[in-house]
Amino acid sequence: MDISVIVPLYNEEESLPELYAWIERVMKTHNFTYEIIFINDGSTDNSWQVIEELSRKSDCVKGVKFRRNYGKSPALYCGFERAQGEVVITMDADLQDSPDEIPELYRMIKEDGYDLVSGYKQKRYDPLSKTLPTKLFNATARRVSGIHNLHDFNCGLKAYRKEVVKNIEVYGEMHRYIPYLAKNAGFGKIGEKVVHHQARKYGHTKFGLDRFVNGYLDLITLWFLSRFGLKPMHVFGLLGSIMFMLGFLSVVIVGGMKLYYMNNAMPYRLVTESPYFYLALTLMLLGTQLFVAGFLGELISRNAPERNNYLIEKEL
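As the structure is a prediction and not an experimental result, all values here were calculated from the model.

**Section: the packing of aromatic side chains**
- Within this structure, the stated rule accounts for 4 aromatic pairs.
- Taken together, a centroid distance of 4.8 Å and an interplanar angle of 55 degrees make the contact between F32 and Y106 tilted. Of the two residues, F32 sits in the loop between α1 (16-29) and β2 (34-40) while Y106 sits in helix α4 (residues 102-110), which places them 74 residues apart along the sequence.
- Classification of Y106 as buried rests on a relative accessible area of 15%.

What follows is the structure in structure tokens.
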């Protein structure tokens, strides 16, 4: 099979027949063998009934229905598990992504050798309250991930080599950082294509401003896990050791100053009356706790079942 198209959706019953007809027209024009996997993320409208009707009309249509709304990442995860095509295309169900982009995305994967190609909505039909935070978010994501050629990490229209989607785990709200996940998994050839962005035709957006806050928190989590997920002692142990040594040196200095004053018959006060003594003890306690946290993290990491999961590209 050439292409698997994965469409996560939530309350998009009006757009589904039009989207299906559009995808079908593109596929038949270019003689692709394909499947369309609709992931119904707990919709409360008639989206599932529409998917069932489309499935009866075409053997290429498949569907998954969640019992409740889990989010886009779980929907993509389930779609990736079921995808059979050599190239996997993801797109939103609101008709803002154009299926006419599919042939070129497919070509870039098969002929240009990209592992992943992300769409770039250079001209957007979104309000300013959405576009400005998006630009700031993408600038931060480029800086942290090191993927400097991507301008739109969160574009729903992406193309993947099949091996990519079978070797990454999308969870929580990590769908925003699939290129980063792919890079961490060893799929480094990541490209970008300027795609046409259309104004929403039906309904309204399902995302609020809180996604930008969650997005930054997820980015920090992903950065930390990619850097220290398998070696937590390298960060916790280092910070703990530094804090403990600073606290210990501070205690030595405070005690040494008291001994100096005593030996020179100078007025002095008890060590416990100095605020620096308690600050030093606090540093030593925090340092010890961080070191122990790193040690426990190493024990957990050592017992993780995926600790030796390495992606092997070739073997003789």
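Read on, since the account is not over.
**Notes on the pattern of salt bridges**
- The final tally for this structure, using the stated rule, is 11 salt bridges.
- E53 is the partner of R56 in a salt bridge, and the nearest nitrogen-oxygen pair spans 2.9 Å. Note that R56 and E53 are positioned in helix α2 (residues 47-57) at a spacing of 3 residues, about one turn of the helix.
- R56 sits in the exposed class, given a relative accessible area of 60%.
- E104 is the partner of R107 in a salt bridge, and the nearest nitrogen-oxygen pair spans 2.9 Å. Linking R107 with E104, this pair stays in helix α4, spanning 3 residues, or about one helical turn.
- Residue E104 is classed as partly exposed on the basis of its relative accessible area of 29%.

**Concerning empty space enclosed by the protein**
- The full count for this structure, using the stated rule, is 1 cavity of 30 Å³ or more.
- Roughly 70 Å³ of internal volume is contained in the largest cavity.
- What lines the largest cavity is a set of 13 residues, and nearest its centre among them are K72, L76, T90, C155 and G156.
- Mapped by element, the contributors of at least two residues to the lining of the largest cavity are α3 (72-82) and β6 (158-161).
- For the lining of the largest cavity, the residue count by class is 6 nonpolar, 4 polar and 3 charged.

**Some details on the confidence of the model for the protein chain**
- The share of residues in the protein chain with pLDDT of 70 or more is 86%, and the mean pLDDT across the chain is 85.
- The weakest mean pLDDT in the protein chain belongs to helix α8 (residues 210-228) at 71; the strongest belongs to strand β4 (residues 87-90) at 98.

**Observations concerning the environment of L270**
- Note on placement: L270 falls in the loop between α9 (233-263) and α10 (275-302).
- Between the C-alpha atom of L270 and that of V254, which follows or precedes it by 16 residues, the distance is 9.9 Å.

**Section: the packing of α1 against α2**
- In the contact formed by α1 and α2, the axes pass within 10 Å of each other and the chain directions differ by 35 degrees. When the axes of α1 and α2 are compared, the crossing they make is right-handed. Seen from α1, the contacting residues are L16, P17 and Y20; seen from α2, they are S47, V50, I51 and L54.

**Here we look at unusual backbone geometry**
- A positive phi angle is found at N31, which is not glycine, with a value near 55 degrees.
- The topology assignment puts N31 in the loop between α1 and β2.

**Side note on the nonpolar core**
- Judged by nonpolar contacts, the single largest core of 35 residues is most densely connected at I3, V5, F38 and I89.
- Among the elements that make up this core, the one with the highest residue count is α1 (7 residues).
- The residues contacting I3, other than those within four sequence positions of it, are M27, F32, T33, Y34, E35, G85, V87, I89, I102 and Y106.
- I37, L150, V165 and A185 belong to the second-largest nonpolar core, a separate cluster that totals 33 residues.

**Here we look at the sheet that holds β6**
- The 7 strands lie next to each other as β3-β2-β1-β4-β6-β5-β7, forming an open sheet whose pairing is mixed. If you trace the sheet from one side to the other, it starts and ends with β3 (61-65) and β7 (190-194), each paired once. Adjacent strand axes in the sheet meet at a mean angle of 20 degrees, parallel and antiparallel pairs treated alike.
- Where α1 meets the sheet, it contacts β1 (3-9), β2 and β3, and its direction lies at approximately 160 degrees from that of β2.

**With respect to the pairing of β2**
- Along β2, 7 of the 7 residues are buried, which leaves the element largely enclosed by surrounding structure.
- As paired strands, β1 and β2 are joined by 7 bridges and run parallel to one another. Note on β2: the bridge partner recorded for V7 is F38.
- Pairing geometry for β2 and β3, over 5 bridges, is parallel.

**Description of the pairing of β6**
- Of the pairings in the sheet, the one linking β4 to β6 comprises 4 bridges and is antiparallel in character. Residue pairing across strands places T90 opposite K158, the latter belonging to β6.
- Relative to β6, strand β5 (residues 116-120) runs antiparallel, the two sharing 3 bridges. Bridge pairing links S118 to K158 in β6.

Reading guide: rules and limits
- Residues numbered from 1 in each chain as written.
- Predicted model: local features only at pLDDT ≥ 70, side-chain atom pairs only at ≥ 80, totals over all residues.
- Heavy atoms only, no water.
- Phe/Tyr/Trp six-rings, centres within 6.5 Å; stacked < 30°, edge-to-face > 60°.
- Helix = DSSP H or I, 4+ residues; strand = E, 2+ residues; numbered from the N terminus.
- Buried < 20%, exposed > 50% of the residue type's maximum accessible area, 1.4 Å probe, protein only.
- Salt bridge = Lys/Arg side-chain N within 4 Å of Asp/Glu carboxyl O.
- 1 Å grid on protein atoms, 1.4 Å probe; cavity = no way out; pocket = protein on both sides within 12 Å on 5 of 7 lines; lining within 4 Å.
- Points joined across faces, edges and corners; volume = space filled by probe spheres on them.
- Nonpolar A, V, L, I, M, F, W, Y, C, P; charged D, E, K, R; others polar.
- pLDDT = per-residue confidence, 0-100.
- Axes fitted to C-alpha atoms, helices over the stretch in contact; angles between N-to-C directions.
- Left-handed = near helix turned anticlockwise from the far one by under 90°.
- Contact = heavy atoms within 4.5 Å.
- Core = buried A, V, L, I, M, F, W, Y, C linked by side-chain atoms within 4.5 Å.
- Pairing = 2+ DSSP bridges.

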